[in-house]
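Residue strings, one per chain:
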Amino acid sequence: LSSGYDTGKVLDQGYDETKAIPSYSYIKGDITRAYTSKVSEVLRSMLFMPLDDVNHPAAFIVMDKVTSTNPAFKKTWLLHTQQEPSISGNTAVVKRDTNGYNGKMDLTTLLPANAVLTKIGGSGQEFSINGVNYPPTTYGNNGCEYGAWRIEVSPATAAPTDYFLNVMQVSDASGK
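Thresholds applied
- Residues numbered from 1 in each chain as written.
- Predicted model: local features only at pLDDT ≥ 70, side-chain atom pairs only at ≥ 80, totals over all residues.
- Heavy atoms only, no water.
- Core = buried A, V, L, I, M, F, W, Y, C linked by side-chain atoms within 4.5 Å.
- Buried < 20%, exposed > 50% of the residue type's maximum accessible area, 1.4 Å probe, protein only.
- Helix = DSSP H or I, 4+ residues; strand = E, 2+ residues; numbered from the N terminus.
- Contact = heavy atoms within 4.5 Å.
- Pairing = 2+ DSSP bridges.
- Axes fitted to C-alpha atoms, helices over the stretch in contact; angles between N-to-C directions.
- Salt bridge = Lys/Arg side-chain N within 4 Å of Asp/Glu carboxyl O.
- Phe/Tyr/Trp six-rings, centres within 6.5 Å; stacked < 30°, edge-to-face > 60°.
- Lys NZ or Arg CZ within 6 Å of the ring centre and 35° of its normal.

Trainee: How should the nonpolar core be read in this particular structure?
Mentor: In terms of nonpolar packing, the biggest core is built from 17 residues, with Trp77, Leu79, Leu107, Ile151, Val153 and Met168 touching the most fellow members. For this core, the elements supplying multiple residues, two or more each, are β3 (39-50), β4 (58-68), β5 (77-81), β7 (91-96), β8 (103-111), β12 (149-154) and β13 (161-172). Excluding anything up to four places from it in sequence, Met168 contacts Ala58, Ala59, Phe60, Val62, Trp77, Leu79, Met105, Asp106 and Leu107.

Have a look at this one:
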C-alpha cells in the first residue's frame, strides 16, 4: 500500500452462531481511505445468506454509503462481468455459461431511487473509461479472467451523499 491508501477498517461483523451452517454472514467496513480526497466517507456493508431455494440458493446484499467532498461528483457502483449483461430498469442478468460454466446472477438495484444502470464493454471497450479504452499493459496468460464488461449504477441526480443497495442472487444459468 502506498500514498496513504489502505483497504479499510472493519466496523462490525456477525454470523448466525446457532447453526453449523450459518443462515447469514455480515460485515461492515469503513473503506474511505481506499479512495481519493473526492470522498469524505465510504461505508460498505455486506450480507451473505444461503437460501432454501433450489432456483436461487444464495443472496448477497451490498449496501454502500458514499459522501463526496463535492456534491456534483458523480458516484458510481461497479459490477465487472465476463459475459455481456442484460439490463432492464433496475435489474440486470449476468450469465457465465461458456467454457463449461453454468452460472447466472440476478442483480436488483434498490437504491439509489431511479438509479441509472449502464453496461460498458465488449471488444475493444473492455477497460473503457469515459470513452477511452485502457487495457492492461502486462498480464500475460496466467489463467486470470479479466473483465470484458461492467455494469455501472449511478444516481439520477447529484447529491452530497448517496446510498447504493444491490441484491445479487445466484443460480444455474440453465435454470429459472
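Trainee: Could you clarify how one ought to interpret the sheet that holds β4 in this entry?
Mentor: Within a beta sheet, neighbouring strands are joined by backbone hydrogen bonds and run either parallel or antiparallel to one another. Read across the sheet, 8 strands follow the order β1-β2-β3-β4-β13-β8-β7-β6 without closing on themselves; strand pairing throughout is antiparallel. This sheet does not close on itself; its edge strands, each paired only once, are β1 (9-15) and β6 (86-88). When the angles between neighbouring strand axes are averaged without regard to direction, this sheet yields 15 degrees. Note: β8 against β13, 8 bridges, orientation antiparallel. Its bridge partner being in β13, Gly103 is matched across the sheet by Asp172.

Trainee: When you look at the sheet that holds β12 in this model, what are you seeing that I'm missing?
Mentor: Read across the sheet, 3 strands follow the order β5-β12-β9 without closing on themselves; strand pairing throughout is antiparallel. The strands lining the two open edges of the sheet, one partner per strand, are β5 and β9 (116-121). For this sheet, the mean inter-axis angle between neighbouring strands, taken without regard to orientation, is 20 degrees. When β5 meets β12, the two strands line up antiparallel, connected through 5 bridges. Its bridge partner lying in β12, Leu79 is registered against Ile151.

Trainee: Can you walk me through unusual backbone geometry in this structure?
Mentor: Leaving glycine out, the prevailing phi sign among residues is negative, and the prevailing peptide bond configuration is trans. In this structure, Pro112 follows Leu111 across a cis peptide bond, with omega equal to 5 degrees. Considering the arrangement of structural elements, one finds Pro112 in the loop between β8 and β9. Unlike most non-glycine residues, Asn114 shows phi in positive territory, near 55 degrees. According to the relative accessible area criterion, Asn114 is exposed, its value standing at 66%.

Trainee: Sorry, what's going on with the pairing of β13 here?
Mentor: Along a regular strand, successive side chains alternate from one face of the sheet to the other. With 10 bridges connecting them, β4 and β13 associate as antiparallel partners. Each residue of the ladder has a partner; that of Ala58, found in β13, is Val170.

Trainee: Honestly, the pattern of salt bridges in this entry has me stumped. Any pointers?
Mentor: Once their charged atoms are close, side chains differing in charge can pair, the charge on each being opposite to the other. Applying the stated criterion to the full structure yields 5 salt bridges. Its salt-bridge partner being Asp64, residue Arg44 comes within 2.7 Å of it at the nearest N-O pair. Highlighted residues: Arg44 in strand β3 and Asp64 in strand β4, separated in sequence by 20 residues. Note on Arg44: relative accessible area 26%, which makes it partly exposed.

Trainee: Is there a simple way to think about the side chain of Arg150 in this case?
Mentor: Tracing the backbone through its elements, the reader meets Arg150 in strand β12. Those residues in contact with Arg150 that lie beyond four places of it in its chain are Leu78, Leu79, His80, Thr81, Thr118, Lys119, Ile120, Phe127, Ser128 and Ile129.

Trainee: Mind showing me how you'd approach the packing of aromatic side chains here?
Mentor: Each aromatic ring pair is characterised by the separation of its centres together with the angle its planes make. Across all of its chains, the model carries 0 aromatic pairs by this definition. Over the ring of Trp149 we find Lys119; its NZ or CZ atom is 5.9 Å from the centre of that ring.

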